[in-house]
Amino acid sequence: MGQSVSTAKLTSRRDCNRSQLSKSKSTALIGQMQAEEAEEVERNSIDGLSDIISVLPDECLACIFQSLTPGDRKRCSLVCRRWLRIEGQSRHRLSLNAQSDLHPHIPSIFSRFDAVTKLALKCDRRSVSIGDEALAQISEHCRNLTRLKLRACRDLTDAGMLAFAKNCKCLKKLSCGSCTFGAKGMNAVLDYCPALEELSVKRLRGITDGAAAEPIGPGVAAASLKSICLKELYNGQCFGPLIVGAKNLRSLKLFRCSGDWDKLFPLIVDRVTGIVEIHMERIQVSDIGLTAISNCLNLEILHLVKTPECTNVGLGSVAEKCRLLRKLHIDGWKANRIGDQGLIAVAKSCLNLQELVLIGVNPTKISLEMLASNCQNLERLALCGSDTVGDAEISCIALKWIALKKLCIKSCPVSDHGMEALASGCPNLVKVKVKKCRGVTSEGVEWLRTNRGSLVINLDTGEQLDASASDGGGAQDNGVEFPPMVASQIGAPSIASSSTGRSTSHKLLGLLSGMSLVACTLRRFGNSNGSSQS
């Protein structure tokens, strides 16, 4: 009896072990089969992806390439001959290292990138740049070029610019910096490029200084020019004929250009009546020039940066006549020649003011209250390096400035009490930046953040500044910049740019695995009548 029970137990145990072994074998077999099926599914998916790509029109694939980063675009061009051709033909923007050894490769580069309309040629300052022959050869391949940027191309002369201008008559924008060609080269562009709309010149070494300087302009381009920006020129006034002749000019920016501009501004505003933006930084201009500028009745944006000869009188003249003023930036450079009197004049006449930046200016509650009462559309305010802006002035702003959305305070005698005032004022305030205000502590900012949960607050007690008072004039001692409150445009990538991020294969799989994106792209292709745009 006992032996029967023991035998039965052993038999049961053997059956159980066999069953477990059979299960483990079958599990391993099933797992192997599942792995093989998964590999087959993946192979089928890749084959399907390949089929999808092969039937895509060239224009559709070009649109996909344009959504990738520059580095990924370059890797895509190595996949196959078709992708190499499409990537090259769909690239409209190109940036090249313009050293002298680029010259032999110009034909092969521009035979591949034959649709380039925006070109940047940049050379290291310690290297030898391309010369006239190379630029002329580039212009022969890019006759539809609309934008050209030249940086540190020191071996270009007037002859090279003349050859370029004759071939690229569709040019709309020219930007050159640290080049050595002179007035003849610049005049060649103005004479042969009737569609030129934007001109930016910085450190043009070939312009002769003094009375012997050859005048620049106006040329046929003067009729189409809308924007002129001159930076760090020894004799920027040789551009006077061009500025005076540009009757459709809307934006004039002058940065650190020597000469007496008081003499030129009356001539400019007498013939150019549509200017809406004037930016002056470290140039020789006084109330005489500002009085002339006041005749620009359409003026909307005015920057006065480190112009110590400009006073309340000149600013008052501008405010009285330029009633469409929307943005006013003043860097008083601690000269104390612009203050309450000038700001009160602005408050009385410039009712459309939306943005006010005061650096090294000392406003008081008198001018701040009047600005708040009259300029009811004022949304952005910056107060930097102002000795008179303390807690009382911040309390005035909190109480009176109803429309204010963005406030920047830098290097002012403000404390936590001023932050407390903001907690109950400025109902439309969305962002506050406080920098280098020693009386403001992290506890005060945290209290404000707790009481205004929706308010974005940025506290910086460090010594390094990260903003600029000018649009392109370099870092300023107490600078501030308000970025535009619109979405930035995304342009086509540059071949010389670096790229970081996910791999190309992952991005293409993400782009093409969803049929909705392919359908959307095809619809876009259909709506654009088969044309690809930059």
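Residues numbered from 1 in each chain as written. Predicted model: local features only at pLDDT ≥ 70, side-chain atom pairs only at ≥ 80, totals over all residues. Heavy atoms only, no water.

Looking at an unreviewed UniProt entry, one finds the protein named F-box domain-containing protein, with Gossypium klotzschianum as its source organism.

Among the residues making up helix α17 (residues 442–451), those that are buried are Gly-444, Val-445 and Leu-448. The buried residues of α17 occupy an angular sector of 100 degrees when the element is viewed end-on, so they sit on one face. Residues Glu-443 and Thr-450 are exposed on α17 and point more than 90 degrees away from its buried face. Those residues of α17 hidden inside the fold are in contact with α16 (416–423) and β15 (456–460). (Buried < 20%, exposed > 50% of the residue type's maximum accessible area, 1.4 Å probe, protein only. Helix = DSSP H or I, 4+ residues; strand = E, 2+ residues; numbered from the N terminus. Arc of directions from axis to C-beta. Contact = heavy atoms within 4.5 Å.)

This part covers the side chain of Ser-294. For Ser-294, the position within the fold is in the loop between α11 (287–293) and β9 (301–305). Leaving out residues up to four positions away in the same chain, Ser-294 has contacts with Ser-317, Val-318, Lys-321 and Cys-322.

Attention now goes to the pattern of salt bridges. This model, assessed by the stated rule, comprises 16 salt bridges. The partner of Arg-75 in a salt bridge is Asp-72, and the shortest N-O contact between them spans 2.8 Å. With Arg-75 and Asp-72 both in helix α3 (residues 70–76), this residue pair falls three residues apart, about one helical turn. Residue classification places Arg-75 among the partly exposed positions, given a relative accessible area of 43%. Classification of Asp-72 by relative accessible area gives buried; the value is 0%. (Salt bridge = Lys/Arg side-chain N within 4 Å of Asp/Glu carboxyl O.)

The next thing to look at is the packing of aromatic side chains. In this structure the tally under the stated criterion is one aromatic pair. Ring centres of Trp-261 and Phe-265 lie 6.4 Å apart, and the angle between their planes is 50 degrees; on these two criteria the pair is classed as tilted. For Phe-265, a relative accessible area of 1% translates into the label buried. The ring of Phe-255 is capped by Lys-231, whose NZ or CZ atom sits 5.2 Å from the centre of that ring. (Phe/Tyr/Trp six-rings, centres within 6.5 Å; stacked < 30°, edge-to-face > 60°. Lys NZ or Arg CZ within 6 Å of the ring centre and 35° of its normal.)

By volume, the second largest pocket is sized at about 430 Å³. Along the walls of the second largest pocket sit 23 residues, with Arg-147, Leu-148, Lys-149, Lys-173 and Ser-175 positioned nearest its centre. Counting only elements with at least two residues in the lining of the second largest pocket, the list comes to β1 (93–97), β2 (118–122), β3 (147–151), β4 (173–177), β5 (198–202), β6 (227–231) and β7 (251–255). A breakdown of the residues in the lining of the second largest pocket according to their chemical character gives seven nonpolar, seven polar and nine charged. (1 Å grid on protein atoms, 1.4 Å probe; cavity = no way out; pocket = protein on both sides within 12 Å on 5 of 7 lines; lining within 4 Å. Points joined across faces, edges and corners; volume = space filled by probe spheres on them. Nonpolar A, V, L, I, M, F, W, Y, C, P; charged D, E, K, R; others polar.)

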